[in-house]
Amino acid sequence: MGGKILSIGRLIPIKMRGKVFIKTEDTPMKKLMNFLKKLWKDESAQGATEYILLLVVVVGLVVIFKDKIMAIVKGKVDQLGSDINKVTGQ
């Protein structure tokens, strides 16, 4: 014939209901590909993943704009304190 035989793993005989079937042992690459296919199709944790990504974005924005946020909050707290002093007459 002259064709090449591609080895895809070790042959494993499996006996089921009196019949013998031949199964090939999965190679590490085939196991990885099967895992990635299952992971790609799995949507069970999609909601949690979206919440985690949203949280990462919010935390990143807070870290980036920390100084501005602190200045705004400090200004508002100082303004609130002076307004309270005006109402109480101190």
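Cut-offs applied
Residues numbered from 1 in each chain as written. Predicted model: local features only at pLDDT ≥ 70, side-chain atom pairs only at ≥ 80, totals over all residues. Heavy atoms only, no water. Helix = DSSP H or I, 4+ residues; strand = E, 2+ residues; numbered from the N terminus. Buried < 20%, exposed > 50% of the residue type's maximum accessible area, 1.4 Å probe, protein only. Areas by Shrake-Rupley, 256 points an atom, 1.4 Å probe, with all protein chains shown as cover. Expected span 1.5 Å × (residues − 1). Patch = residues over 30% accessible without salt bridge, like charges linked within 9 Å, V, L, I, M, F, W, Y side chains within 5 Å. Salt bridge = Lys/Arg side-chain N within 4 Å of Asp/Glu carboxyl O. Contact = heavy atoms within 4.5 Å.

Chemist: What is the right way to look at the overall build of the protein in this model?
Modeler: When helices and strands are counted, the protein shows three helices and two strands. Starting at the N terminus, the α and β elements of the protein follow one another as β-β-α-α-α. Burial status across the protein gives 0% buried among its 90 residues. When the accessible area of the protein is evaluated, it comes to approximately 9000 Å², of which 68% is carbon and sulfur surface.

Chemist: Mind showing me how you'd approach helix α3 (residues 66-88) here?
Modeler: Spanning 23 residues, α3 covers 33 Å between terminal C-alpha atoms, matching the ideal 33 Å at 1.5 Å per step. Downstream of α3 by a residue or two, glycine 89 has a phi angle that is positive, lying close to 80 degrees.

Chemist: Explanation requested: a nonpolar patch on the surface in the structure shown.
Modeler: A cluster of nonpolar side chains, contributed by Tyr51, Leu54, Val57, Val58, Leu61, Val62, Ile64, Phe65, Ile69, Val73 and Val77, occupies part of the molecular surface with about 1100 Å² of accessible area. Every element with two or more residues in the nonpolar patch is listed here: α2 (46-64) and α3. The element that contributes the greatest number of residues to the nonpolar patch is α2, accounting for seven residues. Take tyrosine 51: it is sitting in helix α2.

Chemist: How do you make sense of helix α1 (residues 28-41) when you look at a structure like this?
Modeler: Residue pairs three or four apart in sequence face the same way in an α-helix, which turns once every 3.6 residues. Taking 1.5 Å per residue as the helical rise, α1 with its 14 residues ought to reach 20 Å, and the 20 Å between its terminal C-alpha atoms agrees with that figure. Among the 14 residues in α1, zero count as buried, and that is only a small part of the element.

Chemist: Help me out: how do you make sense of the environment of proline 13 in this one?
Modeler: Residue placement: proline 13 occurs in strand β1 (residues 11-16). Classification of proline 13 as exposed rests on a relative accessible area of 59%. In this view, proline 13 contacts Val20, Phe21 and Ile22; residues no more than four positions away in its chain are not counted.

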